[in-house]
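Understanding the architecture of this molecule
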Amino acid sequence: MDNHNISPEEAQRISVAELMQKLAATVDGLSSAEASKRRGAYGPNELAEKKASPLVKFLSYFWGPIPWMIEAAAILSLIVRDWDDFTIIMLLLVFNASIGFWQEFKAANALEALKKQLALNARVRRDGQWTDIAARELVPGDIIRLRLGDVIPADVKLLEGDFLSVDQSALTGESLPVNLKVGDLAYSGSVAKQGEMLALVTGTGPNTFFGRTASLVQAAGAPSHFQKAVLQIGDYLIYISLGLVAVLMLVQLERGAPFLELIQFALILTVASIPVAMPAVLSVTMAVGAMALSKMRAVVSRLESIEEMAGIDILCSDKTGTLTQNRLSLGDCVLFGATDEQELIFYGSLASKAEDQDPIDLAVIAGLQDRSVLDNYTQTKFVPFDPIHKRTESLIKDAQNQTLKVTKGAPQVIIGLCQMAPDDITRAQQVVVDLAVKGYRTLGVACARDEGPWQFMGILSLFDPPREDSAATIANAKNHGIKIKMVTGDNVAIGREVSQQLGLGGNIQPADQIFQEGVDVAHLSPEAEREIEQADGYAQVFPEHKYGIVKALQAAGHIVGMTGDGVNDAPAIKQADVGIAVSGATDAARAAAALVLTAPGLSVIVKAVEEARQIFERMNSYAIYRIIETIRIMFFVVLAMLVYNFYPITAIMIILLAFFNDVPIMTIASDNTLIDPQPVSWNMHRVLTVATVLGLIGVIETFGLLLIAKSWLLLDIAQIQTFIFLKLAVAGHLTLFVARTPRMFLSKPYPSATLLWSAIITKLAATLFVVYPIGLMAPINWSQVGLVWGYCIVWIFLEDLAKVTVYRHLRLTGTRHRHFLQLAKQRVTHYSHWR
């Protein structure tokens, strides 16, 4: 094969035979050796990402408002020839840049690992055998199979099959799917909506029509509600800091303070008060949490979805494979046209395709006592199951070259195809109901010979037992404040039976009654929305119904999770606050989902919610701590200077405090936290109230120690500054332990080893620094160090008591507020019914 690329235009223009010849391809596929050779020539089937140089990324941390302020302080130190200050300020600048770079590097690596877990796969024929490989391994000349739900992994020429309905809306803007046939070109990144065909790969990676393959993972783009709230806190702290600094400068200039020295101090004080580490802490906490979730077999495709996951209060769950084992086995057979059970199973097997690995097809074929009977029949055409038509159909030729059509699917659909006596229809419908009450799924089977009418052969029953862990997981979810609603395409009787077995309740509503013909699923009546909210689950659900269910529950104020696996589930998954693609989902469902499960069952989702709530609590703790520290340092320093007219701490000390405080706060991403028993959401009022109370207590506490140092110990100004420096360093870390939990800080869960030891080491370093300051500050003795430590430890218990009191007060007022809202809602509902 010549090493040249075939353009999409050329691939579209020339015939299949010419294209096969040009690519040296055969219907049996390439050999592994040839595929490896072509991969070397064409490269992987992916776009080369433009990655910035690590050096450029690192240097970018020296550019921006915060670095400019630190750099300006360093230049002022040079002007006044204060080499100690200049050295420490430059160290702070490099430290901040290094921390930011390292945290972003870790977050990027975590996202890259998640991308690999969500990579597209393709079913390809290599060495004459069908196998699954990563889509990036495809090369021009490969033969691949495309079916319902696949994201087409490369530009392909369709070779064999009836048709393929393809959604190209994401690529071309066409709103309706396009029906393609043999000889047509399908483009990389489009989605197969119906049909099944074989195809020849004509272009890969950058050589595709659109120059790229579909990307399943999106890095966090727009910030989440939580990130916006924390950034609003950052802005709030900046405004407070700048306001206090402005007041300080005006007063000190009036007092005749040296201008350059005052400007330098003001810049450093502002930098220390602004949450410089906030972006790094946000990104690394989310990324570390996402990696923890991936180890639980739940892969996050968008980091910002973790916040919504923590707030889920209703989870709409698929029945099959999530609540049940998805291990179908044949039960009783009910005969109509068939002479015995094996004949009925035989016709059902002819309407199946083993290589598609469909669980229903495999269960039916497994029921044959002698599978060799299928060898005398050739399947010349196969139409796979889809959620709209709800049946499969095969065109068969027997050994005598006679034609036979067979179909299997939803009994009501198969009955509708056949010309049956009214009594037989009634009997068939009753059989379906009787089996459904016992929890059995049913399949109708029919056949037609030589273009004759369909003949109803009988009903196959299938049983999919509940997963062993489902009942316990559902009870656990209820303890977490999550209401699980079952969503199934099966009929009401099956849904109700399984729902009651699992303790979900028996109020299972048929979706076709709620979503009647002509009703816009996106704009339901209040009565329909109320019916959806009150139901325990929904049966006979079509994919478009799922979208309406999500919209109705969201309109009622719920944070909704929705599971799905098919291509037609994508709109509902996308609409849900947390869309979840279950294990084995199609590529299209995975692309739309915020959470992709790689293990079956509901327990994975509940564990993911628990982890998300822990991540949320870590972020909450960080926000509270940052506000406390800003209030504590800014208000104290400014007020102390206004009252006593001297710097209570020096610029060097403020920089050292930034060093000592930033290291432990970075480790909060791995801290142990409480798992809130109820869904969590951002509560700005609670955060600001708790942080303000603790921050103001910190100001009073520090003023008290300043009075002790000045009036009782009679220390000079340099020693007072060292005294206050140690107090702010020790109390800052202790405050972190108070802020990290709404309970008493000595109660469980205890801090993680990383957080605890980072705080201990930095506190010990600060202590040694004030005794042996190497010329950067006036030393104090060990007895004075002991006094500071004892003072801080006593006050930390007072702070803890105040915090617990504030939380208790907020809970009481919150309960009263919720009770008032419930009463108001009841009265509105009563009034609307009365009207």
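Residues numbered from 1 in each chain as written. Predicted model: local features only at pLDDT ≥ 70, side-chain atom pairs only at ≥ 80, totals over all residues. Heavy atoms only, no water.

Quick word on the pattern of salt bridges
In this structure the tally under the stated criterion is 20 salt bridges. Arg126 is paired through a salt bridge with Asp142; the nearest N and O atoms lie 2.7 Å apart. Note that Arg126 is positioned in strand β1 (residues 121-126) and Asp142 in the loop between β2 (129-134) and β3 (143-147), a separation of 16 residues in sequence. For Asp142, a relative accessible area of 0% translates into the label buried. Glu629 is the partner of Arg632 in a salt bridge, and the nearest nitrogen-oxygen pair spans 2.8 Å. Taken together, the positions of Arg632 and Glu629, both in helix α23 (residues 603-644) and three residues apart, correspond to about one turn of that helix. Here Arg632 and Glu629 have matching classes, each one buried. If you follow the salt bridges from partner to partner, you end up with Arg39, Arg136 and Glu137 in one network. (Salt bridge = Lys/Arg side-chain N within 4 Å of Asp/Glu carboxyl O. Helix = DSSP H or I, 4+ residues; strand = E, 2+ residues; numbered from the N terminus. Buried < 20%, exposed > 50% of the residue type's maximum accessible area, 1.4 Å probe, protein only.)

What to know about a nonpolar patch on the surface
On the surface, Ile75, Ile79, Val80, Leu253, Phe259 and Leu260 cluster together into a nonpolar patch covering about 530 Å² of accessible area. Listed by contribution, the elements that provide at least two residues to the nonpolar patch are α5 (65-79) and α9 (259-273). For Leu260, the position within the fold is in helix α9. Among the residues examined, Leu260 registers a relative accessible area of 33% and is labelled partly exposed. (Patch = residues over 30% accessible without salt bridge, like charges linked within 9 Å, V, L, I, M, F, W, Y side chains within 5 Å. Areas by Shrake-Rupley, 256 points an atom, 1.4 Å probe, with all protein chains shown as cover.)

Details of the packing of helix α16 (residues 470-479) against α23
One can describe the packing of α16 onto α23 by two numbers: an axis separation of 9 Å at closest approach and a directional angle of 25 degrees. Of the possible angle classes, the one that applies to α16 and α23 is roughly parallel. Remark: the crossing between α16 and α23 carries left-handed chirality. Along its contact with α16, which presents Thr473, Asn476 and Ala477, the element α23 presents Ser603, Val606 and Glu610. For the contact of α16 with α23, the per-class residue count stands at two nonpolar, three polar and one charged. (Axes fitted to C-alpha atoms, helices over the stretch in contact; angles between N-to-C directions. Parallel < 35°, antiparallel > 145°, perpendicular 65-115°, else oblique. Left-handed = near helix turned anticlockwise from the far one by under 90°. Contact = heavy atoms within 4.5 Å. Nonpolar A, V, L, I, M, F, W, Y, C, P; charged D, E, K, R; others polar.)

A look at the sheet that holds strand β11 (residues 329-335)
Here we have six strands laid out as an open sheet, ordered β11-β16-β15-β14-β13-β12, and antiparallel in their pairing. A single partner strand is all that each edge strand has here, and the edge strands are β11 and β12 (378-383). Strand-to-strand twist across the sheet, computed as the mean angle between neighbouring axes with direction ignored, equals 25 degrees. When strand β13 (residues 391-397) meets strand β14 (residues 403-409), the two strands line up antiparallel, connected through seven bridges. Within the sheet, the bridge partner assigned to Lys397 lies in β14 and is Thr403. (Pairing = 2+ DSSP bridges.)

Some points on helix α25 (residues 684-712)
Think of an α-helix as 3.6 residues a turn; residues three or four steps apart then line up on the same face. Its 29 residues give α25 an end-to-end C-alpha distance of 41 Å, which sits within 8% of 42 Å, the value for a rise of 1.5 Å per residue. Trailing α25 by a residue or two, Leu714 shows a phi angle of about 55 degrees, which is positive. (Expected span 1.5 Å × (residues − 1).)

A closer look at the packing of helix α15 (residues 422-437) against helix α17 (residues 492-501)
Helix-helix packing: each pair is described by the crossing angle between the helix axes and the interaxial distance. Two elements in contact, α15 and α17, have axes separated by 7 Å at closest approach and are oriented at 10 degrees. It follows that α15 is roughly parallel to α17 by the angle criterion. Only Ala493, Ile494 and Glu497 of α17 make contact with α15, whose side of the interface consists of Val433, Ala436 and Val437.

Quick notes on the sheet that holds strand β21 (residues 578-581)
The eight strands lie next to each other as β9-β22-β21-β20-β10-β17-β19-β18, forming an open sheet whose pairing is mixed. Unpaired on one side and paired on the other, β9 (298-300) and β18 (508-510) mark the two borders of the sheet. Averaged over neighbouring strand pairs, the angle between their axes works out to 20 degrees when direction is ignored. Across two bridges, β21 lies against strand β22 (residues 595-597) in parallel orientation. Bridge pairing in β22 links Ile580 to Leu595.

So, the nonpolar core
In this structure, Phe265, Leu269, Met309, Ile649 and Phe725 are the most contacted members of the largest nonpolar core, which totals 130 residues. Among the elements that make up this core, the one with the highest residue count is α23 (23 residues). Sequence-distant contacts of Phe725, that is, excluding residues within four places in its chain, are made with Ile649, Met653, Leu656, Leu657, Phe660, Ala766, Val770 and Met777. Membership of the second largest hydrophobic core comes to 23 residues, among which are Leu328, Cys333, Ala363 and Met457. (Core = buried A, V, L, I, M, F, W, Y, C linked by side-chain atoms within 4.5 Å.)

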